[in-house]
Amino acid sequence: MKNLVLRAMRSFDESLTGPEYACNQLVVEMISDEPLTDTNELDVRIYSADYQLTGSDSRKFSSRKTPLKIRFQLVSDSFWDESLYHVFIFRNGYPQWYAALSPENKYEKWSRTRLENIRLHPDQKFFAEQLCNTAWWPKLYEGKFKTLPVQELIRRFRIYTDPAQVLPCLLVDSSRTLLAKAFTFFILSNYFTGSNVDDRFSLSLKELMTGDITWKQLKQKTARKKVIIIEIGDLEINSQKTIILTRAADLIRNRAPQDPVYIFHGKCEYISSLFQECQAFESLFTNETTFHILPPESEPDSSESLPFDTPLPFDDPTNPPSQSRNFNAPCAAELELQEMVGLHRVKEDMAEARMMACFLQRRKDLSLDSGTENRHHMLFLGNPGTGKTTVARLAGKMYHYIGVLSSGHTVEVSRTDLVGEYIGQTEKKMKEVIDKARGGVLFIDEAYTLIEKDTYSKDYGKEVIQALLTVLSEPNPDMIIILAGYEDKMHILLQSNPRLKDRFPLRFYFDDYTAEELLEMAHRSLQQRNFILTPEADRQLELLVREASAQRDEYFGNGRWIHNLINQGILKSMARRIMSLPHPDISSRKLFCTIEACDITSAAQRFQECYPLKLKASARIGFRA
């Protein structure tokens with residue numbers, strides 16, 4: 001392929017659908033000078049500058065040759081406003097091309113770049129093949145670890161896996177002991193073991209020094225392990241112990257290529273003290289094998305809490321609720337649900353479901369019920385933008401508080417996250433997702449798409465259903481599966497497999513928001529962000545919301561529409577008005593927080609002119625998310 005071009009533009013195309021609040025759209029086109037042959041499917045995945053997945057889309061082809069121009073449409077819950085994105089094109093499931101993309105700041109304006117064979121970019125190729133699909137990679141962002149730039153981290157990982165080299169000894173230091181430990185277990189050890197806890201062994205350096213574990217015993221315990229993790233604590237070192245440490249360092253340095261990788265971690269002051277007393281240990285590490293983990297800027301160095309609310313792998317994974325808790329009183333998650341706008345039926349039904357779960361749990365505690373079934377799988381039925389994703393997250397926290405779930409976290413996926421491109425990939429994806437969701441909620445948005453068949457390819461969505469049925473059949477799965485989507489389409493999904501229908505004892509109906517509720521949602525959002533509406537602006541906003549609500553159709557975005565209206569309409573009009581003033585008073589808080597009536601009307605008119613609405617009745621002011 002001589003000439004392969006990628007172009008992209010930020011768009012307001014209202015025909016796209018996606019998860020709730022994924023309303024920021026990017027159109028990507030791949031243009032070639034000749035058709036691609038032997039291509040069944042092309043996937044585009046776009047990552048931010050720090051390699052966090054921002055959006056993806058795929059195209060399947062029925063003929064042996066592809067069109068010269070292939071369009072992808074991506075949606076995201078974040079603005080496409082970063083200066084750099086990493087674009088990966090997968091061909092038949094394998095990474096083939098790469099480009100660095102800098103989208104134009106303006107909407108509906110193309111930016112162009114060349115697509116290059118990914119083999120010319122070894123670090124990006126390694127990321128696409130080895131890192132991007134792992135369960136532990138997102139923890140770099142979840143944990144907010146301040147360490148090397150991500151590009152450097154990827155480069156090091158690639159070098160570490162060079163089969164021609166002996167795996168190095170790695171060192172992780174931090175001013176906080178738990179932070180170094182978390183990075184060691186969640187990131188480094190998972191990289192070498194594929195998140196398999198059985199492939200690693202952990203101990204402290206003190207155990208070796210005091211003889212609590214001998215080198216021979218260590219060899220026996222670590223046979224067939226891939227990683228040995230050693231914690232460096234506050235050590236009292238004398239001349240005899242220095243000899244022991246020097247001997248241990250020599251044995252580690254001269255280990256065989258097939259031996260496991262050693263990862264040391266500890267507090268900076270403890271490591272510095274060790275190096276002063278034993279230079280042999282210091283010589284085990286280089287700048288290339290040392291990771292300095294800084295605490296988040298918002299937390300003091302003295303804080304000894306983890307950067308995210310997740311138990312370490314070596315800790316007891318169970319987190320049972322305290323016996324002193326009053327289960328008759330709602331937990332914080334249920335109070336948060338009650339504070340949400342609208343959703344009256346959902347609130348009542350969820351409160352009833354919580355009380356029933358508490359009742360059954362208490363009967364078991366009192367040995368009144370010997371039954372082993374503990375299934376609370378749910379269906380969320382309703383239109384887009386009605387809060388299904390938010391309620392799913394709260395449900396996980398509620399059922400963790402009760403004691404049904406061991407952790408209460410939520411894993412959010414859609415068809416593209418579950419269905420593979422070739423035989424065996426769907427099964428692998430499902431295993432990873434289910435393992436990740438154990439202890440919490442597995443939320444599958446637009447679940448009805450799992451049975452939508454492609455005319456020209458094998459439908460792997462049925463494999464997802466079969467994998468789900470395995471978990472749905474477990475009497476005590478330590479997991480709640482929530483399927484969400486349009487009510488009519490979800491009924492078709494249930495009818496597609498007779499075993500599905502009875503597996504979901506709880507069904508929640510998410511009604512569309514009324515005009516009053518949408519207006520309240522807008523007021524809350526603006527108030528939380530310290531914006532003030534003038535009386536005339538408030539009146540114009542109410543007129544706009546009521547008119548849009550009165551003429552809604554099946555594609556109306558409910559809460560997503562409000563989110564779009566504020567962020568992509570009103571605030572942009574306000575920003576344009578203020579920053580266009582000849583001499584704006586940049587120190588005036590009132591100027592930068594007061595929304596005028598012209599901001600409302602300008603936003604509505606601009607969107608209506610640029611992107612006409614598809615209305616059943618006469619044209620109206622406004623736009624649809």
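The residue count restarts for each chain, going from 1 along the sequence in the order it is written. Only residues with pLDDT of 70 or above have their local features reported here, since the model is predicted, and side-chain atom pairs are shown and tallied only from 80 upward, although totals for entire chains, interfaces and linings are computed over all residues. Computation of side-chain values: all heavy atoms of the structure, hydrogens and water removed.

Visitor: How would you explain the overall build of the chain if you had to name every residue and give the values?
Guide: When you go through the chain residue by residue, the secondary structure sums to 21 helices and 21 strands. Think of it in three bands: residues with accessible area under 20% of the maximum for their type are buried, residues over 50% are exposed, and the middle band is partly exposed, with areas taken using a 1.4 Å probe on protein chains only. Counting over 625 residues, the chain shows a buried share of 50%. Put simply, 75% of the contacts in the chain that link residues at least 6 apart link residues at least 24 apart. With an accessible surface of roughly 30600 Å², the chain has 49% of that area assigned to carbon and sulfur atoms. Labels follow the DSSP assignment, with helices taken as runs of H or I lasting at least four residues and strands as runs of E lasting at least two, numbered in each case from the N terminus. Two residues form a contact once any of their heavy atoms are found within 4.5 Å. Every accessible area reported is derived by Shrake-Rupley at a probe size of 1.4 Å, with residue values counting cover from the shown protein chains alone.

Visitor: Describe the pairing of strand β13 (residues 261–267), with residues and values.
Guide: Where burial is concerned, most of β13 is hidden: seven out of the seven residues are buried. Examined bridge by bridge, strand β10 (residues 170–174) and β13 share five bridges and lie parallel to one another. Looking across to β13, one finds that Val172 is bridged to His265. Examined bridge by bridge, strand β12 (residues 227–232) and β13 share six bridges and lie parallel to one another. From the neighbouring strand, Ile228 faces β13, where its bridge partner is Tyr262. Clockwise travel from the first strand over the helix to the second, with the strands pointing away from the viewer, marks a crossover as right-handed. Once you follow β12 into helix α7 (residues 239–253) and on to β13, the crossover reads as right-handed. Two strands qualify as a pair provided DSSP detects at least 2 bridges between them.

Visitor: Which residues make up the packing of helix α10 (residues 332–339) against helix α12 (residues 388–402), and what values go with them?
Guide: Running from N to C, α10 and α12 cross one another at 150°; their axes reach a closest spacing of 8 Å. With respect to each other, α10 and α12 are oriented roughly antiparallel. Of the two elements, α10 crosses α12, and the hand of that crossing is left-handed. For the pair α10 and α12, contact is made by Ala333, Glu334, Glu336 and Leu337 and by Val391, Leu394, Lys397 and Met398, respectively. All residues other than Ala, Val, Leu, Ile, Met, Phe, Trp, Tyr, Cys, Pro, Asp, Glu, Lys and Arg, Gly among them, are scored as polar; the first ten of these are nonpolar and the last four charged. Taken together, the residues of the contact of α10 with α12 break down into five nonpolar, no polar and three charged. For helices, the axis comes from a line fit to the C-alpha atoms of the stretch in contact; other axes are also lines fit to C-alpha atoms, and the angle between any two N-to-C directions lies between 0 and 180 degrees. Roughly parallel refers to an angle under 35 degrees, roughly antiparallel to one over 145, roughly perpendicular to one between 65 and 115, and oblique to any angle outside these ranges. Left-handed describes a crossing whose near helix is turned anticlockwise from the far helix by less than a right angle; the clockwise case is right-handed.

Visitor: Can you lay out the nonpolar core for me, pointing to particular residues and giving the numbers?
Guide: Put simply, buried Ala, Val, Leu, Ile, Met, Phe, Trp, Tyr and Cys residues joined by side-chain atoms within 4.5 Å make one nonpolar core. Ranked by internal contacts, the top residues of the largest apolar core, which has 57 residues, are Phe380, Val391, Tyr399, Leu541, Ile562 and Ile595. If you look at the next biggest cluster of nonpolar residues, it comprises 39 residues, including Phe88, Phe126, Phe186 and Ile293.

Visitor: Can you explain the packing of helix α17 (residues 515–528) against helix α19 (residues 559–579)? Please cite residues and give values.
Guide: Where α17 contacts α19, the axes come no closer than 10 Å and their chain directions differ by 50°. With respect to α19, the element α17 is oriented oblique. Classified by chirality, the crossing of α19 by α17 is right-handed. Note on element contacts: α19 touches α17 through Gly559, Ile562, Ile566 and Leu571, opposite Leu518, Met521, Ala522, Ser525 and Leu526.

Visitor: Could you give an account of the pairing of strand β15 (residues 378–382), naming the residues involved and the relevant values?
Guide: With respect to burial, β15 is a largely interior element, five of its five residues being buried. Burial of β15 is two-sided: the residues Met378, Phe380 and Gly382 facing one way and the residues Leu379 and Leu381 facing the other way are all buried. The pairing of β15 with strand β18 (residues 480–485) spans four bridges and is parallel. Along β18, the bridge assignment pairs Leu379 with Leu483.

Visitor: Kindly report on the packing of aromatic side chains, identifying the contributing residues and their values.
Guide: Aromatic ring pairs are reported here in terms of the distance separating the ring centres and the angle at which the planes meet. Pairs were defined over the aromatic rings of Phe, Tyr and Trp, the Trp ring being its six-membered one, requiring ring centres within 6.5 Å. Orientation was assigned from the angle between planes: stacked under 30 degrees, edge-to-face over 60, tilted for the rest. Under the definition given, this model contains 23 aromatic pairs. Judged by centre distance (5.9 Å) and plane angle (90°), the rings of Trp136 and Phe157 are edge-to-face. With Trp136 in the loop between α1 (122–131) and α2 (139–142) and Phe157 in helix α3 (residues 150–160), this pair connects stretches of sequence that are 21 residues apart. Ring geometry for Phe380 and Phe443: centres 6.4 Å apart, planes at 55°, overall tilted. In this pair, Phe380 sits in strand β15 while Phe443 sits in strand β17 (residues 441–444), placing the two residues 63 residues apart along the sequence. In this scheme, Lys NZ or Arg CZ marks a charge over a ring once it lies within 6 Å of the ring centre and within 35 degrees of the ring normal. One Lys or Arg, Arg7, reaches over the ring of Trp110 and ends 3.7 Å from the middle of that ring.

Visitor: Tell me what's going on with a nonpolar patch on the surface, and back it up with residues and numbers.
Guide: A surface patch of nonpolar side chains, about 280 Å² in accessible area, is lined by Met356, Phe359 and Leu360. The topology assignment puts Phe359 in helix α11 (residues 344–365). Residues enter patches when they are more than 30% accessible in relative terms and free of salt bridges; like-charged ones are connected within 9 Å and nonpolar ones (Val, Leu, Ile, Met, Phe, Trp, Tyr) within 5 Å. Whenever a carboxyl oxygen of Asp or Glu lies within 4 Å of a side-chain nitrogen of Lys or Arg, that contact is scored as a salt bridge.

Visitor: Outline the sheet that holds strand β7 (residues 94–101), listing residues and values.
Guide: If you walk across this open sheet you meet the five strands as β4-β3-β6-β7-β9, and the pairing is antiparallel. Each edge of the open sheet carries a strand with a single partner, namely β4 (53–60) and β9 (116–117). The pairing of strand β3 (residues 41–48) with β4 spans seven bridges and is classified as antiparallel. Its bridge partner being in β4, Tyr47 is matched across the sheet by Leu53. Its contacts with the sheet place α1 against β3, β6 (85–91) and β7, and it is angled at close to 60° to β6.

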